[in-house]
Amino acid sequence: MVRMLIGGELVEGSRTLDVFDPCTGTAFTQVPDADAADVERAVAAAKAAFPAWRDLMPGARGDVLRAMAGKVTENAEELCALLVQETGRPMGLAQFEILHLATGYLTYYAGLDVQPELIVEDDTRRVELHRKPLGVVGAIVPWNAPVFIAANKIAPALAAGNTIVVKTAPTTPLTTLRLGELWAEVVPPGVVNILSGGNDAGALLVAHEDVAKITFTGSTETGRKIMASAAPTLKRVTLELGGNDAAIVLPDANVAAIAPAIFAFAFFNSGQVCAVIKRLYVHDSLYDAMCDAIAGLASSAKLAPGSDAAAEFGPVQNKAQYEKVLHYLAEARKAGKILAGGEVAGGPGFFVPLTVVRDVAEGSAIVDEEPFGPILPIIRYSDVDDAVARANASPFALGGSVWGSDVAAATKVAARLESGSVWVNQHCALDPQVPFPANKQSGFGVEGGVEGLYPYLALQTINVAKPAA
């Protein structure tokens, strides 16, 4: 059994949790299910390790992060196989998450060094602005991109001089736990602690008085609960929550040129990404052509277990989400015309065909809500101002995109969207050096870039009076 990492030791815990294969729906292994004692021990280990880690020079902390990235690279074949097994996704997607995203964020933050800023210096005083680590960070990771999102929280937390306790998602714990076993060889004891378990362990971590900050990626509903639980101890909180990203196709767009990219950004990881295209607004003049193009690509896509070398798309990752997606499929059949997919074939596993729906509009669940699965509604519009207003009307504002041949004109439209990230002729273009903020009910705070380091640091001014002449 893969073990948890607590205080530099590999721990099995006192109870276990089943892990299910989404391609069959059956349990294939077990992992530890952290209890209150495990959480307490992990937080205590992180707290004890904090002073020495805080006092290391940034370059030394960076060396540890680079060593962690090296462990990922050295063991990529094993890690990718584990990720395919627990998520069901194709191997190429697992390799992208592990070898590009996870290593990229670890390496990027290894090179950051935030120095004090001189604010004022005159004959009477010198004022500096310092940024100092907070202490113990609690990180709660979702099931859809478990390795990337864990790395995206560990890297800035450690670079800033904090220690961390990571709680994996109960349905995708394997790869991150295995990374903990590997990282135990290069990370000082207690600096990184990785727990697996259910919601109870996460709740204990959020409420713990020795945890200075919580960083969470997941649903808006859970984000609200985390805010409430963090309030008694006034923890700092970063929340990256649900999204319902809109993409607007302008009248001058070339359908043949952009349809493959829009298809890819809508159905990436079978739609199980917070910042992929969830609503596609297409101008009247291009509507039929775009619907046909996207539907054709969806109909020809290969849906299969990730272990199949020909697989392009895998299953929905877990039973609870599968049942939610089935609900949205039923809503799609009532709300509009299904051009591709729409019916589950049956058989083992949580497979849902890539589904394209036309002739839908706001007021239907598949437009107003986030299915978080392989369903794309294509919505007609006649006026660009109206499309922008409809895109902004959502309570979510994580990402959005604008597509058109005139890049300057598309960029002007993009600037009118309210989402934290806006892309032109692309979508969900993640980069460790580019901030990824969230607005409205998609959360608050920022990840990525130097700006993503600041939420892990406390501001301090040092104001020194100079002796009188």
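This text follows the structure it describes.
Residues numbered from 1 in each chain as written. Predicted model: local features only at pLDDT ≥ 70, side-chain atom pairs only at ≥ 80, totals over all residues. Heavy atoms only, no water.

Turning our attention to the side chain of Lys 278. In this structure, Lys 278 sits in the loop between helix 9 (255–267) and strand 13 (279–283). Reaching out from Lys 278, the side chain makes a polar contact with the backbone oxygen of Cys 274 at a distance of 3.4 Å. In this structure Lys 278 touches Gly 243, Asn 244, Asp 245, Gly 271, Val 273, Ile 366, Glu 370, Phe 372, Leu 376 and Pro 377, once residues within four positions along its chain are discounted. (Helix = DSSP H or I, 4+ residues; strand = E, 2+ residues; numbered from the N terminus. Polar contact = N/O pair within 3.5 Å; in protein donor to acceptor, adjacent residues only side chain to side chain. Contact = heavy atoms within 4.5 Å.)

For helix 6 (residues 174–183), the tally of buried residues reaches 10 of 10 residues, placing the bulk of the element in the interior. Those residues of helix 6 not exposed but buried are Leu 174, Thr 175, Thr 176, Leu 177, Arg 178, Leu 179, Gly 180, Glu 181, Leu 182 and Trp 183. (Buried < 20%, exposed > 50% of the residue type's maximum accessible area, 1.4 Å probe, protein only.)

Next up on the list: empty space enclosed by the protein. For the structure shown, the criterion picks out 2 cavities of 30 Å³ or more. Around the largest cavity sit 15 residues that line it, and Arg 279, Ala 391, Asn 392, Gly 399 and Ser 419 are the ones nearest its centre. Looking at the lining of the largest cavity, the elements with two or more residues in it are helix 13 (384–392), strand 17 (396–397) and strand 18 (399–403). In the lining of the largest cavity, the residues fall into 6 nonpolar, 5 polar and 4 charged. Of the pockets and cavities examined, the second largest cavity occupies roughly 30 Å³. Tyr 322, Val 344, Gly 346, Gly 347, Pro 348, Gly 349 and Phe 351 together form the lining of the second largest cavity. Per-class residue counts for the lining of the second largest cavity are 4 nonpolar, 3 polar and no charged. (1 Å grid on protein atoms, 1.4 Å probe; cavity = no way out; pocket = protein on both sides within 12 Å on 5 of 7 lines; lining within 4 Å. Points joined across faces, edges and corners; volume = space filled by probe spheres on them. Nonpolar A, V, L, I, M, F, W, Y, C, P; charged D, E, K, R; others polar.)

Turning next to the pairing of strand 11 (residues 236–240). Counting buried residues along strand 11, 4 of its 5 residues qualify, which places the element largely inside the surrounding structure. Pairing analysis gives 5 bridges linking strand 10 (residues 211–217) to strand 11, with the strands arranged parallel. For Phe 216, the partnering residue across the bridge sits in strand 11 and is Leu 239. Once you follow strand 10 into helix 8 (residues 220–230) and on to strand 11, the crossover reads as right-handed. Taken together, the 2 bridges between strand 11 and strand 22 (residues 443–444) define a ladder with antiparallel strand orientation. If you follow Leu 239 over to strand 22, its bridge partner there is Phe 444. (Pairing = 2+ DSSP bridges. Right-handed = clockwise from strand over helix to strand, strands pointing away.)

So, about the sheet that holds strand 24 (residues 457–465). An order of 5-6-24 is seen for the 3 strands of this open sheet, with the pairing classed as antiparallel. Each of the sheet's edge strands pairs with one partner strand only, and the pair in question is strand 5 (117–121) and strand 24. Taking the axes of each pair of neighbouring strands and ignoring which way they run, one obtains an average angle of 20° across the sheet. Where strand 6 (residues 125–133) and strand 24 come together, 9 bridges link them in antiparallel fashion. Residue Val 127 lies in a different strand from strand 24, and its bridge partner there is Asn 463. (Axes fitted to C-alpha atoms, helices over the stretch in contact; angles between N-to-C directions.)

As a further point, take the packing of helix 9 against helix 10 (residues 284–300). Between helix 9 and helix 10, the least distance of the axes is 9 Å, while the angle of their chain directions is 55°. In this view, helix 9 runs oblique relative to helix 10, as classed from their interaxial angle. Handedness of the crossing formed by helix 9 with helix 10: right-handed. Across from Val 255, Ile 258, Ala 259, Pro 260, Ile 262, Phe 263 and Phe 267 in helix 9, the residues of helix 10 making contact are Leu 286, Ala 289, Met 290, Ala 293, Ile 294, Leu 297 and Ala 298. Tallied by class, residues from the contact of helix 9 with helix 10 come to 14 nonpolar, no polar and no charged. (Parallel < 35°, antiparallel > 145°, perpendicular 65-115°, else oblique. Left-handed = near helix turned anticlockwise from the far one by under 90°.)

Sizing a probe to match a water molecule and rolling it over the atoms shows the empty space that remains. Estimated volume of the largest pocket: approximately 1,400 Å³. Lining the largest pocket are 42 residues, with Trp 143, Gly 218, Ser 219, Thr 222 and Lys 324 positioned closest to its centre. Those elements that place two or more of their residues in the lining of the largest pocket are helix 7 (199–207), strand 10, helix 8 and helix 11 (319–335). In terms of residue count, helix 8 provides more of the lining of the largest pocket than any other element does, 7 residues in total. For the lining of the largest pocket, the residue count by class is 17 nonpolar, 16 polar and 9 charged. Estimates place the volume of the second largest pocket at around 550 Å³. Surrounding the second largest pocket, 35 residues form its lining, Leu 101, Phe 148, Val 273, Cys 428 and Leu 430 being those nearest its centre. Taken together, the elements giving at least two residues each to the lining of the second largest pocket come down to helix 4 (91–110), helix 5 (146–159), strand 19 (421–424) and strand 20 (436–437). Sort the elements by how many residues they give to the lining of the second largest pocket and helix 4 lands first, with 6 residues. Of the residues belonging to the lining of the second largest pocket, the class tally is 22 nonpolar, 8 polar and 5 charged.

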